[in-house]
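# What the coordinates show
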Amino acid sequence: MQDSVAAPVGVRWYAAGVFAGRENIAEQHLQRQGFTSFVPRAVKTVRHARRTYTRTAAYFPGYMFVALDVTQQRWRAVNATIGVRSLIMRGDRPSPVPSGLVERFIALTGKDGLLDFSGGLKLGSSVRILSGPFAELIGRLDRLDSTGRARVLVAIMNGEIPIQLESNSLVAIA
């Protein structure tokens, strides 16, 4: 997946606002027009009506990245694409995202197309749980093994409770 999203030489990445939940449709229509786009995705835990389930969702709901050369390409066509609200603008021109940002997200994307932040985990550091029944809780990384399993100590009910989970469902926080 990473090779198909690399931007050509001389092209910058721009953020585009899309209709929430319509990232896939916008991505398909941009691809049909010849634009290179990238939507960072992660596993998200959804709680609704006393049910909990996980699904793949955009890491930044309502936004995606589009590679453009604004001097050569018809960038206004992106604004008219199905699913896209508009490019993020500065005045009358699209505003590029900082250099290296999207490339870093692409590098963090695994073969499954999902972001994997587990590379920066250190024992004893604070982590946020991204998915599962303990999603959005913050704890301390206690153990990390080579099979991809982690043990996190989460402060619940005046004590630290150990939770075993996959390391790719954790992100280090400062």
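As the structure is a computational prediction, the values presented were derived from the model and not from experiment.

### Re the overall build of the chain
Counting its regular elements, the chain contains four helices and 13 strands. By principal-axis analysis of the C-alpha atoms, the chain measures approximately 60 × 40 × 30 Å. Of all 174 residues assigned to the chain, the portion counted as buried reaches 41%. At a minimum sequence separation of 6, the contacts of the chain that also span at least 24 residues come to 56%. Across the chain, the centroid of the 22 positively charged side chains sits 6 Å from that of the 13 negatively charged ones.

### Concerning the environment of Q72
Relative to the helices and strands, Q72 is located in the loop between strand 5 (63–68) and helix 3 (76–79). Judged by its relative accessible area of 65%, Q72 falls in the exposed class. Between the C-alpha atoms of Q72 and F134, which are 62 residues apart in sequence, the distance is 48 Å.

### Observations concerning the sheet that holds strand 1 (residues 12–18)
Judged by pairing direction, the sheet is antiparallel, and its four strands sit side by side in the order 2-5-1-6 without closing on themselves. The outermost strands of the open sheet, each flanked by one partner alone, are strand 2 (36–38) and strand 6 (84–87). Within this sheet the neighbouring strands show an average axis-to-axis angle of 35°, counted without direction. Where strand 1 and strand 5 come together, six bridges link them in antiparallel fashion. Bridge assignment links Y14 to a residue of strand 5, and that residue is V66. Sitting on the sheet, helix 2 (residues 23–32) is in contact with strand 1, strand 2, strand 5 and strand 6, with an inclination near 15° to strand 5.

### With respect to unusual backbone geometry
Even without being a glycine, R50 presents a positive backbone phi close to 60°. Mapped onto the secondary structure, R50 falls in the loop between strand 3 (41–48) and strand 4 (51–58). Using a relative accessible area of 89% as the deciding quantity, one classes R50 as exposed. The residue M157 is not glycine, and still its phi comes out positive at about 55°. Taking the relative accessible area as the measure of exposure, M157 reaches 79% and is therefore exposed.

Rules and cut-offs
- Each chain has its residues counted from 1, following the order in which its sequence is written.
- Totals for whole chains, interfaces and linings use every residue, but because this is a predicted model, local features are given only for residues with pLDDT of at least 70 and side-chain atom pairs only at 80 or more, for both listing and counting.
- Here the side-chain values reflect all heavy atoms present in the structure, with hydrogen atoms and water set aside.
- Only DSSP runs of H or I with at least four residues qualify as helices, and only runs of E with at least two residues qualify as strands; both kinds are numbered from the N terminus onward.
- The classification of residues rests on relative accessible area computed with a 1.4 Å probe and restricted to protein chains. Under 20% of the type maximum is buried, over 50% is exposed, and intermediate values are partly exposed.
- Residue contacts are counted whenever heavy atoms from the two residues lie within 4.5 Å of one another.
- Charge counting treats Lys and Arg as positive and Asp and Glu as negative, with His and both chain ends excluded.
- Here the site of a charge means atom NZ of a Lys, CZ of an Arg, CG of an Asp or CD of a Glu.
- By definition, two strands form a pair when at least two bridges between them are found by DSSP.
- Convention adopted: a line fitted to C-alpha atoms gives each axis, helices being fitted over their contacting stretch, and angles between N-to-C directions are expressed from 0 to 180 degrees.

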